[in-house]
Amino acid sequence: MDRLAQLKQFIGREFDQSPSPFMKWLNPIIVSAEEGQLEFQYTVRPEWLNPVGNLHGGVTAAIVDDIIGATMFSLNENSFITTINNVIDYFSSAKENDTIVAETKIIKRGKQFVNAQCEIWNADKTRLIARGTSNLFKINN
């Protein structure tokens, strides 16, 4: 089964079959999955908070990096694709038990490099929490 089909099997439920132990810890629910475009939903947990009770910026960045990695997985490429850099802009906060939604898309897909974006929103997508972009490099196996 191709990787995109594997992701699609989990639409509406936890992606507990991820090859990434870190993704399993983040515990996303797959909302939608298309080639190069994913939408995952998360519930903000107490261990994700900073000292003032907001979603920690490092966890936000980790979500961006992790779902962009899953987006590369959805491309069904034979190459391993690794992150070169991440740039995260923070716009708003989230609190414990908030539902947040992360959406990805490919900005540019070249022969060696991929540029991808992730936006993290509140549940009803009326408030942008963060936007991240990543450059990734294809490593031939």
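Along each chain, residues carry numbers from 1 onward, in the same order as the chain's sequence is written. With the structure being a predicted model, the display of local features is reserved for residues of pLDDT at least 70 and the display and counting of side-chain atom pairs for 80 or more, all residues being used for whole-chain, interface and lining totals. Heavy atoms from the whole structure form the basis of all side-chain values; hydrogens and water molecules are not counted.

**Let's talk about the layout of surface pockets**
Think of a 1 Å grid over just the protein atoms. A cavity is a set of points where a 1.4 Å probe fits yet cannot get out, a pocket is an open set with protein on both sides within 12 Å along at least five of seven lines, and lining residues have an atom within 4 Å of a point. Grid points are joined across faces, edges and corners, and a volume is the space filled by probe spheres set on the points. If you add up the space inside the largest pocket, you get close to 460 Å³. Lining the largest pocket are 22 residues, with Gly69, Ala70, Phe73, Phe80 and Ile81 sitting closest to its centre. To qualify as a helix, a DSSP run of H or I must reach at least 4 residues; to qualify as a strand, a run of E must reach at least 2; elements of each kind are numbered from the N terminus. Elements that contribute at least two residues to the lining of the largest pocket include exactly α1 (3–8), α2 (21–26), α3 (57–73) and β3 (80–90). For the lining of the largest pocket, the element with the highest residue contribution is α3, accounting for 7 residues. Of the residues assigned to the lining of the largest pocket, the class counts are 12 nonpolar, 6 polar and 4 charged. Each residue receives one of three labels: charged for Asp, Glu, Lys and Arg, nonpolar for Ala, Val, Leu, Ile, Met, Phe, Trp, Tyr, Cys and Pro, and polar for the others, Gly being one of them.

**Some points on the pairing of strand β2 (residues 37–43)**
We treat two strands as partners when DSSP finds at least two bridges between them. Judged from the 5 bridges that link them, strand β1 (residues 29–34) and β2 form a sheet pairing that is antiparallel. What sits directly across from Ile30, in β2, is Phe40. Two successive antiparallel strands, β1 and β2, enclose a turn made up of 2 residues, where Gly36 displays a positive phi of approximately 75 degrees.

**Things to note about the UniProt feature "domain: Thioesterase" (unreviewed entry) in the protein chain**
Residues annotated in UniProt with the feature "domain: Thioesterase" (unreviewed entry) correspond here to residues 53–126. Counting secondary structure, residues 53–126 comes out at 23% helix and 43% strand; the distance between its end C-alpha atoms is 21 Å. UniProt positions are given in the numbering used here, feature names are shortened, and annotations may be inferred rather than shown by experiment.

**Overview of the environment of Leu4**
Here Leu4 shows up in helix α1. C-alpha of Leu4 to C-alpha of Glu34: the two residues are 30 residues apart in sequence and 7.0 Å apart in space. Throughout, a residue-residue contact means that at least one pair of heavy atoms, one from each residue, lies within 4.5 Å. When near neighbours in sequence (up to four residues on either side) are disregarded, Leu4 contacts Ala33, Glu34, Glu35, Ser74 and Asn76.

**Comments concerning the nonpolar core**
Taken as a class, soluble globular proteins show a tendency for nonpolar side chains to be buried jointly. Residues Phe40, Tyr42, Trp48, Ile63, Met72, Ile100 and Ile120 are the most contacted members of the largest nonpolar core, which totals 34 residues. For this core, the element with the highest residue contribution is α3, accounting for 7 residues. Residue types Ala, Val, Leu, Ile, Met, Phe, Trp, Tyr and Cys, when buried and joined through side-chain atoms within 4.5 Å, form a set referred to as a nonpolar core. When accessible area is computed with a 1.4 Å probe and restricted to protein chains, residues below 20% of their type maximum are described as buried, those above 50% as exposed, and intermediate ones as partly exposed.

**A closer look at the packing of aromatic side chains**
In summary, the pairing rule links any two rings of Phe, Tyr or Trp, Trp by its six-membered ring, whose centres are within 6.5 Å, and it sorts them by plane angle into stacked for under 30 degrees, edge-to-face for over 60 and tilted for everything else. This structure, assessed with the given rule, holds 6 aromatic pairs. Feature note: the residues Phe22, Trp25, Phe40, Tyr42 and Trp48 constitute an aromatic cluster, connected by ring pairs. The residue whose ring lies beneath Arg45 is Trp25, and the NZ or CZ to ring-centre distance is 4.8 Å. Only lysine NZ and arginine CZ atoms are considered, and such an atom sits over a ring when it is within 6 Å of the ring centre and within 35 degrees of the ring normal.

**With respect to the sheet that holds β3**
Strand order in the open sheet formed by 6 strands is β1-β2-β4-β5-β6-β3, and the pairing between neighbours is antiparallel. Both edges of this open sheet fall to β1 and β3, since each of them pairs with a single strand only. Direction aside, the axes of adjacent strands within the sheet are offset by 20 degrees on average. Across the sheet, α3 is in contact with β2, β3, β4 (99–109), β5 (113–122) and β6 (128–139); its angle to β5 comes to roughly 130 degrees. Axis definition: a line fitted to C-alpha atoms, limited for helices to the stretch in contact. Angles are taken between N-to-C directions and run from 0 to 180 degrees.

**Considerations on the pattern of salt bridges**
For this document, the term salt bridge refers to a Lys or Arg side-chain nitrogen within 4 Å of an Asp or Glu carboxyl oxygen. Evaluation of the coordinates by the stated rule reveals 8 salt bridges. For Glu77, the salt bridge is made with Lys138, and the minimal N-O distance between the two is 3.1 Å. Highlighted residues: Glu77 in the loop between α3 and β3 and Lys138 in strand β6, separated in sequence by 61 residues. On the accessibility criterion, Glu77 (13% relative accessible area) is buried. Here Lys138 falls in the buried class, since its relative accessible area comes to 10%.

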